[in-house]
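The primary structure of each chain is shown beneath.
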Amino acid sequence: MKKDNSRIPFNVPHMTGKELNYIAQAHFNGMLAGDGPFTKSCHDWLQMRTNAKKALLTNSCTAALEMAALLLDIAPGDEVIMPSFTFVSTANAFVLRGAVPVFVDIRLDTLNIDERLIEDAITSRTKAIAVVHYAGVSCEMDIIMDIAARRGLFVVEDAAQGVMSSYKGRPLGSIGDLGAYSFHETKNVISGEGGALIVNREDFAVQSEIIREKGTDRTRFFRGEVDKYTWQSIGSSFLPGELIAAFLWAQLEEAEAITNKRLVSWQVYDKLIEPLEVAGAIRRPIVPAECTHNAHMYYVLVSPDTDRQAVLNEFRRQSIATVFHYIPLHSSPAGIRYGRVHGSMEVTTTQSERLIRLPLWFGITSEQQREIVGILSKTLGMQP
Ligand SMILES: *Cc1c(COP(=O)(O)O)cnc(C)c1O
């Protein structure tokens, strides 16, 4: 990844200050492989927050999604319903098992999968629904869980952006059968690369540990539950080493403070941009009443007659990094090759072409935010 040298970068990774101490401690402990004391602290924290049957650190959210596909025993020809407006890993994890992603459209308000379109996309081959909580704002989980229960489907939550977010008081990642978190540098709580699998079913608890440990019951062996460990099923090496866990522990300890500070900056944008929405120049993010979000992202949707590229160019000219987001998977080369569209992709197509993400990180100043909104107003032909 190229370093963002903009005067106002899009993201600045936040360090809490304790990361190097904990890494030094892990170094001193002399235990560098996975599942040492720092990993255990992270697991306990995640399990307590999500009330999961099991929470396991992984090398990435991508790895957690791949574990989910293995746990659900996804096989060639199986179908997984998901939005097209998402990161490639949501689909890739299932395509690796030979499954077909079935893309359905998103909601106009949250840009999350439109739960009203899911049932019509179900076939005899459908095995799971993979939902994505865009910008850390929850999908309509009660309705989705009800469809899944009635039709005998699994639900996987791609909660990569949803750490510390909730739906009706329940943490994202804890509602479906499985949830996947990301601690990538671009997320709120980070370890460079990193992620976690949240296991919400007792009957997946042991198997999730086996899949993560190269298909062996090594984790049970270390707990003293078996007297030797052997090859039990297919699996891979999905666990991070202790240095990553040590770094992450310094972040999880501060997760609440990080979220609160980001929320303040998010609110600053929301207030400053309100007049632009009133004037009809843009639309702000919509957070349904039952959702508590984590200020992962602040985006605006410019109106259809606005030249988005011109707005992005003006920001670039002033050395401010603003970016669009996903090229919908159904219109990407691999998405066309491996996936299938169900129904109209109208909202996905039109909204993805209107979206601009603004710089947001722990410590962005309100002066920087005012400058950004000033430029946005001007490029949209409005009084700042
Ligand atoms: C960031 C992200 C991922 C990938 O996370 P990694 O930890 O980098 O693998 C997957 N899905 C969504 C929605 C994301 O935002």
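Residues numbered from 1 in each chain as written. Predicted model: local features only at pLDDT ≥ 70, side-chain atom pairs only at ≥ 80, totals over all residues. Heavy atoms only, no water.

Draft legend 1. Geometry of the domain arrangement of the protein. Per the domain assignment, the segments making up the protein are domain 1 (19–252) and domain 2 (255–379). Relative to domain 2, the C-alpha centre of domain 1 lies at a distance of 26 Å. Contacts between domain 1 and domain 2 engage 46 residues on the former and 39 residues on the latter. Of the roughly 3,600 Å² buried between domain 1 and domain 2 on both sides combined, carbon and sulfur atoms contribute 58%. Area buried by domain 1 at its contact with domain 2 is led by F103, D105 and N188, which between them contribute 19% of it. Seen at the junction of domain 1 and domain 2, the total is 1 salt bridge. Where R340 meets E79, a salt bridge forms, and the shortest distance between an N and an O atom there is 3.0 Å. For the pair domain 1 and domain 2, the number of links is 24 residue pairs in polar contact (both at pLDDT 80 or more). If one sorts the elements of the side of domain 1 that touches domain 2 by residue count, strand β3 (residues 100–104) sits on top with 5 residues. Here the residues of the side of domain 1 that touches domain 2 are counted per class, giving 24 nonpolar, 13 polar and 9 charged. (Domains from an automatic or database assignment. Contact = heavy atoms within 4.5 Å. Buried area = accessible area lost by both parts, 1.4 Å probe. Salt bridge = Lys/Arg side-chain N within 4 Å of Asp/Glu carboxyl O. Polar contact = N/O pair within 3.5 Å; in protein donor to acceptor, adjacent residues only side chain to side chain. Helix = DSSP H or I, 4+ residues; strand = E, 2+ residues; numbered from the N terminus. Nonpolar A, V, L, I, M, F, W, Y, C, P; charged D, E, K, R; others polar.)

Draft legend 2. Highlighting the pattern of salt bridges. Across all of its chains, the model carries 27 salt bridges by this definition. Ionic pairing is found between D142 and K168, a salt bridge with its closest N-O pair at 2.7 Å. Highlighted residues: D142 in helix α5 (residues 141–151) and K168 in the loop between β6 (166–167) and β7 (170–171), separated in sequence by 26 residues. For K168, a relative accessible area of 45% translates into the label partly exposed. Across the pair R170 and D142 runs a salt bridge whose closest N-O atoms are separated by 3.4 Å. Of the two residues, R170 sits in strand β7 while D142 sits in helix α5, which places them 28 residues apart along the sequence. What makes R170 partly exposed here is its relative accessible area of 34%. What you see here is one network of salt bridges that share partners, running through K54, E209, R220, R223 and E225. (Buried < 20%, exposed > 50% of the residue type's maximum accessible area, 1.4 Å probe, protein only.)

Draft legend 3. How the structure looks around the pairing of strand β12 (residues 298–302). By the criterion of burial, β12 is predominantly enclosed, with 5 of the 5 residues buried. Burial along β12 is two-sided: the face carrying Y298, V300 and V302 and the face carrying Y299 and L301 are both buried. Of the pairings in the sheet, the one linking strand β10 (residues 282–283) to β12 comprises 2 bridges and is antiparallel in character. Pairing of I282 across the sheet is with V302, part of β12. (Pairing = 2+ DSSP bridges.)

Draft legend 4. The arrangement of unusual backbone geometry in detail. Even without being a glycine, L111 presents a positive backbone phi close to 65°. Given a relative accessible area of 2%, L111 falls into the buried group. One non-glycine residue, M164, lies in positive phi territory at about 80°. Relative to the elements of secondary structure, M164 occurs in the loop between β5 (154–158) and β6.

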